[in-house]
Amino acid sequence: MRIDILTILPDLLQGPFSESIMKRAQERELLTLEIHNIRDYSQNKHKKVDDTQYGGGAGMVMTVQPIVDLIEKLQSERSYDEIIFMTPDGEVLEQELSNDLSLKENLIILCGHYKGIDERIREHFITKEISIGSYVLTGGELAACVLVDSIVRLIPGVINDETSALTDSFQDNLLSPPVYTKPADYKGMKVPDVLLSGNFAKIDKWREEKAMERTRERRPDLLE
Ligand code: ADE
């Protein structure tokens, strides 16, 4: 999979993508990640990427030219499955959308800033608009990190334990059951006996029950 991220703050994205699973996915050549600085494509002599709104009003708007030039350059090199814009008024990200996107080959993710981006970019180039929740961030960069993380961990071979991503919370509309590791008794705090029993049928049943109980208590909406 290839993901191209378009941003005016490339440094903000470097850290999250050079650690842990993101790093491994790139080392294993399961992911090609390119971060592009929108400012590099500005034809303005001061490398401006924003301007005041037509009709007046507070807040700057990201201009069409650098973003469109960058998108068109990328599109001349390969075809993209989706051109995604991170925005609080987009479709709210859920596991199913991450699952779908993890099957794509080439994605562009555009991070917005200021008051927004010129609507003509959304109308003519963007194919999907995604929000990571009902709150407003300073820019789309952190949202893009969340989206990319949720997608990349689903690519086969990225996570070592193959079954691990499939047993995540939400994959079957249930939260995950509790997990424990050694020691079996820490200062009197004990691991449930069933997990030490070696009876895998019983363990599976216990996990199912706990997953259901937890979902009923914490996220009953998932069971509707
Ligand atoms: N940009 C600003 N806020 C956002 C949000 N909640 N989701 C996605 N992109 C955003």
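Right above here is the structure, for reference.
Procedures and definitions
- Residues numbered from 1 in each chain as written.
- Predicted model: local features only at pLDDT ≥ 70, side-chain atom pairs only at ≥ 80, totals over all residues.
- Heavy atoms only, no water.
- Helix = DSSP H or I, 4+ residues; strand = E, 2+ residues; numbered from the N terminus.
- Rg over C-alpha atoms; globule rule 2.2 N^0.38 Å.
- Buried < 20%, exposed > 50% of the residue type's maximum accessible area, 1.4 Å probe, protein only.
- Contact = heavy atoms within 4.5 Å.
- Areas by Shrake-Rupley, 256 points an atom, 1.4 Å probe, with all protein chains shown as cover.
- Pairing = 2+ DSSP bridges.
- Near = heavy atom within 4 Å.
- Nonpolar A, V, L, I, M, F, W, Y, C, P; charged D, E, K, R; others polar.
- Polar contact = N/O pair within 3.5 Å; in protein donor to acceptor, adjacent residues only side chain to side chain.
- Expected span 1.5 Å × (residues − 1).
- Salt bridge = Lys/Arg side-chain N within 4 Å of Asp/Glu carboxyl O.
- Patch = residues over 30% accessible without salt bridge, like charges linked within 9 Å, V, L, I, M, F, W, Y side chains within 5 Å.
- Arc of directions from axis to C-beta.
- Axes fitted to C-alpha atoms, helices over the stretch in contact; angles between N-to-C directions.
- Parallel < 35°, antiparallel > 145°, perpendicular 65-115°, else oblique.
- Left-handed = near helix turned anticlockwise from the far one by under 90°.

**Points about the overall build of the protein**
Broken down by element type, the protein carries seven helices and 10 strands. Relative to the 2.2 N^0.38 estimate, which gives 17 Å for 224 residues, the radius of gyration of the protein is 22 Å and therefore markedly larger than a compact globule would have. Principal-axis analysis of the C-alpha atoms gives the protein an extent of 70 × 40 × 35 Å. The burial tally for the protein puts 39% of its 224 residues in the buried class. Taking as baseline every contact in the protein between residues at least 6 positions apart, the subset at least 24 positions apart corresponds to 75%. Of the roughly 13300 Å² that the protein leaves accessible, carbon and sulfur atoms contribute 49%.

**A look at the sheet that holds strand 3 (residues 50-52)**
In spatial order, the strands read 3-4-7; together these three strands make up an open sheet with mixed pairing. Single-partner strands in this sheet number two, and they are strand 3 and strand 7 (116-117). In terms of strand pairing, strand 4 (residues 60-62) meets strand 7 through two bridges, oriented parallel. Among the inter-strand pairings, Met62 is bridged to a residue of strand 7, identified as Ile117.

**Re the site of the ligand**
The ligand sits among 13 residues. The nearest are Thr87, Ile132, Gly133, Tyr135 and Leu137. Protein chains bury 96% of the 260 Å² of accessible surface belonging to the ligand in isolation. Ranked by residue count, the leading element in the shell around the ligand is strand 5 (residues 82-92), at three residues. Within the shell around the ligand, the residues separate by chemical class into eight nonpolar, five polar and no charged.

**Remarks on the environment of Asp69**
For Asp69, the location among the structural elements is in helix 3 (residues 64-77). Under the relative-accessibility criterion, Asp69 is labelled partly exposed at 29%. If near-sequence neighbours (up to four positions away) are discounted, Asp69 is found in contact with Tyr41 and Gln43. A polar atom in the side chain of Asp69 sits 3.2 Å from the side chain of Gln43.

**Brief notes about the pairing of strand 1 (residues 2-7)**
A large share of strand 1 lies buried, amounting to six of its six residues. Burial along strand 1 is two-sided: Arg2, Asp4 and Leu6 and Ile3, Ile5 and Thr7, pointing in opposite directions, are all buried. Both strand 1 and strand 6 (residues 106-111) contribute to a ladder of five bridges, which runs parallel. Across the sheet, Leu6 pairs through a bridge with Leu110, a residue of strand 6.

**Remarks on helix 6 (residues 141-152)**
Look at helix 6: 16 Å from first C-alpha to last across 12 residues, which is about the 16 Å you get at 1.5 Å a residue. Burial within helix 6 is extensive, with nine of its 12 residues counted as buried. Among the residues of helix 6, those classed as buried are Glu141, Ala143, Ala144, Cys145, Leu147, Val148, Ser150, Ile151 and Val152.

**Let's talk about the pattern of salt bridges**
Throughout the structure, instances matching the rule amount to 12 salt bridges. Arg122 is the partner of Glu129 in a salt bridge, and the nearest nitrogen-oxygen pair spans 2.8 Å. Overall, Arg122 belongs to the buried group, its relative accessible area being 15%. One network of salt bridges, with partners in common, ties together Lys73, Glu77 and Arg78.

**Some thoughts on a nonpolar patch on the surface**
On the surface, a nonpolar cluster with roughly 440 Å² of combined accessible area is contributed by Leu9, Leu12, Tyr135, Leu137 and Leu142. Here Leu142 is to be found in helix 6.

**Notes on helix 1 (residues 10-17)**
Here helix 1 has its buried residues at Pro10, Leu13 and Phe17. An end-on view of helix 1 places all buried positions within 65 degrees of arc, on one side of the element.

**Notes on the packing of helix 1 against helix 6**
The geometry of helix 1 relative to helix 6 is characterised by a closest axis approach of 10 Å and an angle of 25 degrees between their N-to-C directions. The orientation of helix 1 with respect to helix 6, classified from their angle, is roughly parallel. Handedness of the crossing formed by helix 1 with helix 6: right-handed. Contact with helix 1, carried on its side by Leu12, Leu13, Pro16 and Phe17, involves Glu141, Cys145 and Val148 of helix 6 and no other residues of that element.

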